[in-house]
Amino acid sequence: MNTSKDNFYQFVAQTSDFPIGLEIDRAESCFFYTKDGKKIIDFISGIAVSSLGHRHPKVVQAIKEQVDKHLHVMVYGEFIQKPQSDFAGLIASQLPESLKRVYFTNSGTESNEGALKLAKKFTERSKLIGFKNSYHGDSHGSLSVTGRDVYREPFLPLLPDVHFLTFNSYENLDLIDEKTAAVIMEPIQGEGGIVPADKTWLQEIRKRCTEVGALLIFDEIQSGFGRTGSMFVFQQYDVVPDILTMAKAMGGGMPIGGFASSNEIFEAFKNDPPLNHVTTFGGHPVSCAAGLANLQVLLDEDLIQRAKWIEEKVKSGLTGRGIVEVRGKGAMLGLELASRELTQQVVEAAMEKNILLGWTLHSNTLIRLAPPLTIPEEILDLVIETLKSLISEFA
Ligand code: PMP
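Note that the structure is a prediction, hence the values are computed from the model and not measured. (Residues numbered from 1 in each chain as written. Predicted model: local features only at pLDDT ≥ 70, side-chain atom pairs only at ≥ 80, totals over all residues. Heavy atoms only, no water.)

### With respect to the domain arrangement of the protein chain
Under the domain assignment, the protein chain is made up of domain 1 (4–55 + 302–394) and domain 2 (58–300). Taking only C-alpha atoms, the centre of domain 1 and the centre of domain 2 are 26 Å apart. Between domain 1 and domain 2, the contact holds 30 residues from the first and 35 residues from the second. For domain 1, the biggest contributors to the area lost against domain 2 are Lys329, Met332 and His362; these three give 30% of the whole. Here domain 1 is connected to domain 2 by 1 salt bridge. Where domain 1 packs against domain 2, one counts 17 residue pairs in polar contact (both at pLDDT 80 or more). Contributing elements (two or more residues each) for the side of domain 1 that touches domain 2: helix 2 (45–48), helix 11 (303–317), strand 14 (323–329), strand 15 (332–337) and strand 18 (363–369). The greatest single-element share of the side of domain 1 that touches domain 2, amounting to 4 residues, is contributed by helix 11. (Domains from an automatic or database assignment. Contact = heavy atoms within 4.5 Å. Buried area = accessible area lost by both parts, 1.4 Å probe. Salt bridge = Lys/Arg side-chain N within 4 Å of Asp/Glu carboxyl O. Polar contact = N/O pair within 3.5 Å; in protein donor to acceptor, adjacent residues only side chain to side chain. Helix = DSSP H or I, 4+ residues; strand = E, 2+ residues; numbered from the N terminus.)

### Structural notes on the nonpolar core
Counting residues in each nonpolar core, the largest one holds 107 residues, and the members touching the most others are Ile205, Leu335 and Leu369. Residue contributions to this core reach at least three from each of two domains, namely domain 1 (4–55 + 302–394) and domain 2 (58–300). Ignoring anything within four residues of it in the chain, the contact list for Ile205 reads Phe131, Leu173, Ile176, Val183, Met185 and Leu216. Among the nonpolar cores identified, the runner-up in size contains 5 residues, and Ala27, Phe32, Ile44 and Leu356 belong to it. (Core = buried A, V, L, I, M, F, W, Y, C linked by side-chain atoms within 4.5 Å. Buried < 20%, exposed > 50% of the residue type's maximum accessible area, 1.4 Å probe, protein only.)

### Quick notes on the site of the ligand
Taken together, 13 residues lie near the ligand, and Gly108, Thr109, Asp219, Gln222 and Lys248 sit nearest. Between the ligand and Gly108, the relevant distance is 2.8 Å, taken from an oxygen atom to a main-chain nitrogen or oxygen of the residue. Contact between the ligand and Thr109: an oxygen atom at 2.8 Å from a main-chain N or O atom of the residue. The protein chains hide 81% of the 390 Å² of surface that the ligand would expose on its own. (Near = heavy atom within 4 Å. Areas by Shrake-Rupley, 256 points an atom, 1.4 Å probe, with all protein chains shown as cover.)

### Focus on the side chain of Asp219
Mapped onto the fold, Asp219 is located in strand 11 (residues 215–219). One buried charged residue, Asp219, forms no salt bridge at all, with the nearest opposite charge on Lys248 at 8.9 Å. There is a polar contact of 3.0 Å between the side chain of Asp219 and the side chain of Asn112. Of note is the side chain of Asp219, whose polar atom sits 2.9 Å from the backbone nitrogen of Ile221. (Lys, Arg positive; Asp, Glu negative; His and termini not counted.)

### Quick look at the environment of Ser93
Positionally, Ser93 belongs in helix 4 (residues 82–93). The class for Ser93 is partly exposed, based on a relative accessible area of 46%. Sequence spacing of Ser93 and Met246 is 153 residues, and the spatial spacing of their C-alpha atoms is 15 Å. Polar contacts involving the side chain of Ser93 include one to the side chain of Gln94, which spans 3.2 Å.

### Thoughts on unusual backbone geometry
Residue Pro157 is reached from Leu156 by a cis peptide bond, and omega for that bond is 0 degrees. Topologically, Pro157 is positioned in the loop between helix 7 (149–152) and strand 7 (162–165). Asp272 connects to Pro273 through a cis peptide bond whose omega is -10 degrees. Structurally, the position occupied by Pro273 is in the loop between helix 9 (263–266) and helix 10 (285–300). Unlike most non-glycine residues, Glu124 shows phi in positive territory, near 55 degrees. Considering the arrangement of structural elements, one finds Glu124 in the loop between helix 5 (108–123) and strand 5 (127–132). In this structure, Asp161 is a non-glycine residue whose phi angle is positive, near 60 degrees. You can see Asp161 is positioned in the loop between helix 7 and strand 7. In this structure Asp161 comes out as partly exposed when scored by relative accessible area, which is 36%.

### What to know about the packing of helix 12 (residues 340–352) against helix 13 (residues 377–394)
Relative orientation of the contacting elements helix 12 and helix 13 amounts to 135 degrees, with a least axis distance of 10 Å. With respect to helix 13, the element helix 12 is oriented oblique. Where helix 12 crosses over helix 13, the two elements pack in a sense that is right-handed. Along the contact surface, helix 12 presents Leu342, Gln345, Val346, Ala349 and Ala350, while helix 13 presents Leu387, Leu390, Ile391 and Phe394. (Axes fitted to C-alpha atoms, helices over the stretch in contact; angles between N-to-C directions. Parallel < 35°, antiparallel > 145°, perpendicular 65-115°, else oblique. Left-handed = near helix turned anticlockwise from the far one by under 90°.)

### Remarks on the pairing of strand 3 (residues 39–42)
For strand 2 (residues 31–34) and strand 3, the ladder comprises 3 bridges, and the chain directions are antiparallel. Bridge pairing in strand 3 places Phe32 opposite Ile40. Remark: 4 residues form the turn of the hairpin made by strand 2 and strand 3, two consecutive strands paired antiparallel; Gly37 in that turn has positive phi of roughly 85 degrees. Note: strand 3 against strand 16 (residues 355–356), 2 bridges, orientation parallel. Each bridged residue has a counterpart across the sheet, and for Asp42 the counterpart in strand 16 is Leu356. (Pairing = 2+ DSSP bridges.)

### Some words on the packing of aromatic side chains
The final tally for this structure, using the stated rule, is 15 aromatic pairs. Ring geometry for Tyr103 versus Phe269: centroids 6.0 Å apart, planes at 70 degrees, classification edge-to-face. A residue pair is termed long-range when its members are at least 10 positions apart, and Tyr103 in strand 4 (residues 101–105) and Phe269 in the loop between helix 9 and helix 10 qualify at 166 residues. This pair shows no difference in class: Tyr103 is buried, exactly as Phe269 is. Grouped by ring-pair contacts, the aromatic residues Tyr76, Tyr103, Phe259, Phe266 and Phe269 constitute a single cluster. The ring of Tyr33 has Arg26 lying over it, and the distance from NZ or CZ to the ring centre is 4.1 Å. Note that Lys39 overlies the ring of Phe31, its terminal NZ or CZ placed 4.3 Å from the centroid. (Phe/Tyr/Trp six-rings, centres within 6.5 Å; stacked < 30°, edge-to-face > 60°. Lys NZ or Arg CZ within 6 Å of the ring centre and 35° of its normal.)

Structure follows, in structure tokens:
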């Protein structure tokens, strides 16, 4: 009989020739336990998903309680489902007046698809502006506004009338004009190498969008739900987007996403024709129950402050030969090393020491540091010390 490992390599569609291939038995807190008996520190949280750590007891309990009540009952937007409505209410309590309505989806890319469609429908325009080195997901609409040619070219033609600006640059801002439906951006670029926007530049983008009537979409799929030291990173910029997209850490390990906007903008989805944007599973009750518990824990346990504490410890701890910089905000950090070789050596050697680190999609000299916000202090210290000694050994 085939083992699960055989089945993985034979029957599960692969996305590269070099999957990490850890065979997971279970996961708890900031640890993976593998079939071959290893205990591995998860320092990337499933790419910024498991912010409370794996299987937070309150999230697990909420899932179990919901499973005993009902699973899927009806397509999105038709029935009143308690976990969904209460989750929307709690999310709204964390957002400004103009973002108090949320449309639930299943994933990050689906949230961006919805946001782009909403902007087109509301403005009755089609031109879109994205940024170089951005990442918004792999479905056609999100890929159309993703700013890396290597990922786009195999799938051309994508959406027409999409233009790319340089992140943090004032050049060509007049491309944002009266024909523009939306400007979509990550206020802190994730896959592009953990690059925060400059505050005055972001404010200028906001101003330009308002002047020409284009909607500003912030993709906070990676940066949302406390990871950067505020609930959403835009709250550190005094800039409010017209549409906010979210996913990843939103469901405490369950699949869910969403996009928030104003009542006025969401009116565009109701009519001409009605039901012009629907989803079967968006806002699944079990995912919403998990998301609600996840957000409640995030607030009750003040984990957002902990993100800042992680930033201080990592930034002060990781200095020295071979390290170019540690950048980012809160627990969304990138460790830039002097060369590709060094980066590879450190990531591989850390894995041998049972520490899982990651790359970002568009950079090969950057190590992604995104531990669960609940990581115990001694484990955080251990990872910092191990990284320091590996870097100085190889540099
Ligand atoms: N936007 C950003 C900023 C992301 O980081 C990601 C995922 N890495 C996505 C969108 C796509 O999310 P998903 O994989 O859930 O579709």
